[in-house]
Amino acid sequence: IELAGGRELDPATVTATSAVMIDLDASTAGDVVTIPADTWWRPDIGAVVVVPELGTVLAPGHAYAAYLTDAITTTDGRLPLRKAGSKASNNSTAPK
């Protein structure tokens, strides 16, 4: 995932509900197991960071993942995310 070029991410939209950590091994098709996580925008490295909350114990041997939702927007209200390596421009506006 990368930011569409030349846009500033709105850090207020990077929250625990817009970037979610999940336990892939404990989840099933009907029940996704979320992990309490701290989430923030790091403009210095151009990344949304998602880490387990301090004190959260992860199950040994489990695979974990994080996903970002379209609730994350740029300061001008656009959807900033696109698949890494994508040539398509992203000029869409976030749903209200």
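Here the structure is a predicted model, which is why all the values come from computation and not from measurement.

What about the pairing of strand β3 (residues 31-35)?
In step 1: With four bridges connecting them, strand β2 (residues 19-28) and β3 associate as antiparallel partners. Each bridged residue has a counterpart across the sheet, and for D23 the counterpart in β3 is V33.
In step 2: Taking the residues that link successive antiparallel strands as the turn, the β2-β3 hairpin has two residues.

Some words on the confidence of the model for the protein chain
In step 1: Looking at the protein chain as a whole, its pLDDT mean stands at 80, while 76% of the residues score no less than 70.
In step 2: Per-residue pLDDT stays below 50 along residues 88-96; that stretch engages in 20 contacts with residues further than four places along the chain or on separate chains.

Re the pattern of salt bridges
In step 1: Tallied over the entire structure, the rule returns two salt bridges.
In step 2: Linking D44 and R42 is a salt bridge whose minimum nitrogen-to-oxygen distance equals 2.5 Å.
In step 3: For D44, a relative accessible area of 56% corresponds to the exposed category.
In step 4: As a salt-bridge pair, R78 and D76 come within 3.5 Å of each other at their nearest N and O atoms.

Describing the side chain of D23
In step 1: Structurally, D23 can be placed in strand β2.
In step 2: Of the polar contacts made by the side chain of D23, one reaches the backbone nitrogen of D25; its length is 3.0 Å.
In step 3: Ignoring any residue separated from it by four or fewer positions in sequence, one finds D23 in contact with V33, I35, H62, A63 and Y64.

The rules behind these values
- Residues numbered from 1 in each chain as written.
- Predicted model: local features only at pLDDT ≥ 70, side-chain atom pairs only at ≥ 80, totals over all residues.
- Heavy atoms only, no water.
- Pairing = 2+ DSSP bridges.
- Helix = DSSP H or I, 4+ residues; strand = E, 2+ residues; numbered from the N terminus.
- pLDDT = per-residue confidence, 0-100.
- Contact = heavy atoms within 4.5 Å.
- Salt bridge = Lys/Arg side-chain N within 4 Å of Asp/Glu carboxyl O.
- Buried < 20%, exposed > 50% of the residue type's maximum accessible area, 1.4 Å probe, protein only.
- Polar contact = N/O pair within 3.5 Å; in protein donor to acceptor, adjacent residues only side chain to side chain.

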